[in-house]
Amino acid sequence: MLIRLIAIGTKMPNWIKQGFADYAKRFPASCQLELVEIPAEKRTKNSVLKQLIEQEGKKLIAAIKPTNHIIALEIKGQMWNTEQLAVHLKNWQAERRNIDLIIGGPNGLSQSCLQKAETQWSLSPLTLPHPLVRVLVAEQLYRAVSLLQNHPYHR
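A short tour of the structure in this document, coming up. (Residues numbered from 1 in each chain as written. Predicted model: local features only at pLDDT ≥ 70, side-chain atom pairs only at ≥ 80, totals over all residues. Heavy atoms only, no water.)

1. Section: the packing of aromatic side chains
To describe a pair of aromatic rings, one takes the distance between the centres and the angle between the planes.
Part 1: Inspection of the entire model under this criterion finds 4 aromatic pairs.
Part 2: Here Tyr23 and Tyr142 contribute two aromatic rings whose centre-to-centre distance is 6.3 Å and whose plane-to-plane angle is 45°, an arrangement assigned as tilted. Taken together, the residues span a long stretch of sequence, with Tyr23 in helix H1 (residues 14–24) and Tyr142 in helix H5 (residues 130–148) at a distance of 119 residues. Like Tyr142, Tyr23 is buried.
Part 3: When the centroid spacing of 5.3 Å and the interplanar angle of 25° are considered together, the rings of Trp80 and Trp121 count as stacked. In this pair, Trp80 is assigned in the loop between strand S3 (69–79) and helix H3 (82–94) and Trp121 in strand S5 (residues 119–122), connecting sequence segments 41 residues apart. (Phe/Tyr/Trp six-rings, centres within 6.5 Å; stacked < 30°, edge-to-face > 60°. Helix = DSSP H or I, 4+ residues; strand = E, 2+ residues; numbered from the N terminus. Buried < 20%, exposed > 50% of the residue type's maximum accessible area, 1.4 Å probe, protein only.)

2. What about the sheet that holds S3?
Part 1: One open sheet accounts for 5 strands, arranged S2-S1-S4-S3-S5; its pairing is parallel. Of all strands in the sheet, those bounded by a partner on one side alone are strand S2 (32–38) and S5. Between one strand and the next, the sheet's axes are offset by a mean angle of 30°, whatever the strand orientation.
Part 2: Looking at chain direction, strand S1 (residues 2–8) and strand S4 (residues 99–103) are connected through 5 bridges and run parallel. Each bridged residue has a counterpart across the sheet, and for Arg4 the counterpart in S4 is Asp100. (Pairing = 2+ DSSP bridges. Axes fitted to C-alpha atoms, helices over the stretch in contact; angles between N-to-C directions.)

Laid out in structure tokens, this is it:
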């Protein structure tokens with residue numbers, strides 16, 4: 001299974017890049033994690049926020065693979081504990097579908113992205129910085145995979 005994290009933003013701090021890479025390299029060969037970065041739209045004081053979000057949404061939708069299970073990271077989505085995430089991951093593996101997880105820019109996801117998603121997942125009711133979400137998702141997915149493999153990391 002391939003899990004692609006498709007995220008708006010290409011200029012991340014080194015600690016974000018390193019954190020994501022550290023967890024991605026821990027994944028077993030049977031379940032790989034990949035990052036696809038989409039450039040953010042330029043924001044100026046005259047930018048129309050709704051238009052920026054829609055333009056970024058079009059880029060995200062263009063990057064997803066239509067046969068993949070699409071999951072939007074959304075504050076209003078379903079919240080899962082680690083065990084629930086592991087069950088979802090096991091089910092997705094059983095369906096033999098790869099996963100595209102989409103993360104919006106600093107202003108969130110467009111309505112078209114939310115409508116395209118089969119699942120909406122919330123990491124927390126807190127508003128999180130979108131770069132940090134990459135590391136949190138990578139860690140939680142790794143933890144779920146570890147749990148499914150009875151690896152001691154989860155303990």
